[in-house]
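Inside the fold
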Protein chains: 2
Amino acid sequence: MSDLAGTTARRGRPGYDRDQILAVAVAVFNEQGYDATSVAQLAARLGVSKAALYHHFDSKEQLLQLALERALGGLEGALDAHATGEESASERLGAVLRGAVRVLVDELPYVTLLLRVRGNSVIERAALQRRRAFDRRVTALVRDAQREGSVRADIDASVATRLAFGMVNSLVEWYRPGGPESADQLARDVLAVTLDGLRTR
Amino acid sequence: MSDLAGTTARRGRPGYDRDQILAVAVAVFNEQGYDATSVAQLAARLGVSKAALYHHFDSKEQLLQLALERALGGLEGALDAHATGEESASERLGAVLRGAVRVLVDELPYVTLLLRVRGNSVIERAALQRRRAFDRRVTALVRDAQREGSVRADIDASVATRLAFGMVNSLVEWYRPGGPESADQLARDVLAVTLDGLRTR
């Protein structure tokens, strides 16, 4: 049995820590779908035995839960950092959108997995519930910005939130690290379109 | 064997025409994934025999091809209608975006299927190629609008196209016919955010 957690490689195999195992598992989930992936396939991809994998993780479900936590925790952190404060609601909304783009860029595979969750299990339904709670908090921020007059009031706050995050989330479809757009440039572009639009004045 | 194309129901079973079979197939593909769906499952959902299904369609692949054609043909039609013309490039861009929202609303299950295609077969790769050709034509329109000075030039035209269509395409995640937003209202909202942004001036 290979030494999954070992700091020294045995028989040419690398030792993996929990984060590295999680990263490989998430890559495989994104490639072939979570439901279609077996623990045996994950072990094969890592070049370790199933027993070695189970030494670190209780189940495939636990890997999913940790991966979704990483994405959701990041997005909630970006919201917590700016949901309240002394700045105007529209400035805080901009900061939340910028923070969300950063989380998406930094945790791309984890957010990709989160956005594909359809609610097929207890863990997936809990993740969807947290996404909805996140959306409600952003919607409240948009509503505050509408009240202060800094965001247009002719669009329903929940529709505006969905459209803005629709744009942010669509980055997982085409953004790849190391491409021509840096993460900072991307965040600036998303903010520019969401807040000020494409049209010149 | 039931009469799949029959105008009269036999033994209580409805007759289906090709469009109705396609609609049911697309619904099943979206629910459980195209790759995971068998012809036997489609026949079972329709309450007909596999042979009856094969009377109308050669294969599962043909159903996929027809479904993707409906989505792509609709989107390309919206672009063809406005890609050239006497209006300004930014007006034509707005018309293309409005047309794309309409296609998405009218052909929601077909566009949903198209957006989930990952290139696992010849048919899927051909669809991805048509999507890329569509994106390139919209990007050229954005570039024309930048040249005429009506669209901001500080965002790369292909990034602007991807962000705008990221917002449009995200509608498949939450828009449901008969909801509080009408298709027209939705198209107005998407255009308002994409072209003018959320921020008041």
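What counts and how
- Residues numbered from 1 in each chain as written.
- Chains lettered and ligands numbered in written order.
- Predicted model: local features only at pLDDT ≥ 70, side-chain atom pairs only at ≥ 80, totals over all residues.
- Heavy atoms only, no water.
- Helix = DSSP H or I, 4+ residues; strand = E, 2+ residues; numbered from the N terminus.
- Buried < 20%, exposed > 50% of the residue type's maximum accessible area, 1.4 Å probe, protein only.
- Lys, Arg positive; Asp, Glu negative; His and termini not counted.
- Charge placed at Lys NZ, Arg CZ, Asp CG, Glu CD.
- Least-squares fit on C-alpha atoms with pLDDT ≥ 70 in both.
- Contact = heavy atoms within 4.5 Å.
- UniProt positions renumbered as here; feature names shortened; annotations may be inferred.
- Core = buried A, V, L, I, M, F, W, Y, C linked by side-chain atoms within 4.5 Å.
- Domains from an automatic or database assignment.
- Buried area = accessible area lost by both parts, 1.4 Å probe.
- Salt bridge = Lys/Arg side-chain N within 4 Å of Asp/Glu carboxyl O.
- Polar contact = N/O pair within 3.5 Å; in protein donor to acceptor, adjacent residues only side chain to side chain.
- Nonpolar A, V, L, I, M, F, W, Y, C, P; charged D, E, K, R; others polar.

1. Comments concerning the overall build of chain A
From N to C terminus, chain A includes 10 helices and 0 strands. The N-to-C order of helical and strand elements in chain A reads α-α-α-α-α-α-α-α-α-α. Viewed in the frame of its principal axes, chain A has a C-alpha envelope of about 65 × 40 × 30 Å. In chain A, which comprises 201 residues, the proportion classed as buried is 50%. Once the 27 positive and 26 negative side-chain charges of chain A are each reduced to a mean point, those two points are 5 Å apart.

2. Observations concerning the relation of the copies chain A and chain B
Of the transformation placing chain A onto chain B, the axial shift is 0.0 Å and the rotation is 180°, giving an RMSD of 0.0 Å. Look at the turn and shift together and you get a two-fold axis relating the two. Here 100% of the interface residues in chain A have copies in chain B that are interface residues too; the copies meet face to matching face.

3. Concerning the UniProt feature "DNA-binding region" (unreviewed entry) in chain A
The UniProt record annotates "DNA-binding region" (unreviewed entry) at residues 38-57 of chain A. Note that residues 38-57 of chain A is 75% helix and 0% strand, and that its end C-alpha atoms are spaced 14 Å apart.

4. Here we look at the UniProt feature "domain: HTH tetR-type" (unreviewed entry) in chain A
When the UniProt feature table is mapped onto this chain numbering, "domain: HTH tetR-type" (unreviewed entry) sits at residues 15-75 of chain A. Along residues 15-75 of chain A, the helical share is 75% and the strand share 0%, with 30 Å between the first and last C-alpha atoms.

5. Thoughts on the nonpolar core
Ranked by internal contacts, the top residues of the largest apolar core, which has 144 residues, are Leu171 of chain A together with Leu171 of chain B. Residues within four places of leucine 171 of chain B in sequence aside, it is in contact with Leu163 of chain A together with Val101, Leu104, Leu186 and Val190 of chain B.

6. Some remarks on the domain arrangement of chain A
Residue and element names in this part refer to chain A. Segmenting chain A into domains produces domain 1 (1-57) and domain 2 (61-196). In this structure, domain 1 and domain 2 have C-alpha centres spaced 30 Å apart. On the side of domain 2, 14 residues touch domain 1, which itself brings 13 residues to the contact. Interface area, domain 1 with domain 2, both sides summed: about 1,200 Å², of which 63% is carbon and sulfur. Looking only at domain 1, the three residues that lose the most surface to domain 2 are Leu22, Asn30 and Tyr34, adding up to 47% of its buried area. Between the two partners, domain 1 and domain 2, sit 0 salt bridges. Where domain 1 meets domain 2, there are 5 residue pairs in polar contact (both at pLDDT 80 or more). The greatest single-element share of the side of domain 1 that touches domain 2, amounting to 9 residues, is contributed by helix 1 (residues 18-32). When grouped by side-chain class, the residues that make up the side of domain 1 that touches domain 2 number 9 nonpolar, 1 polar and 3 charged.

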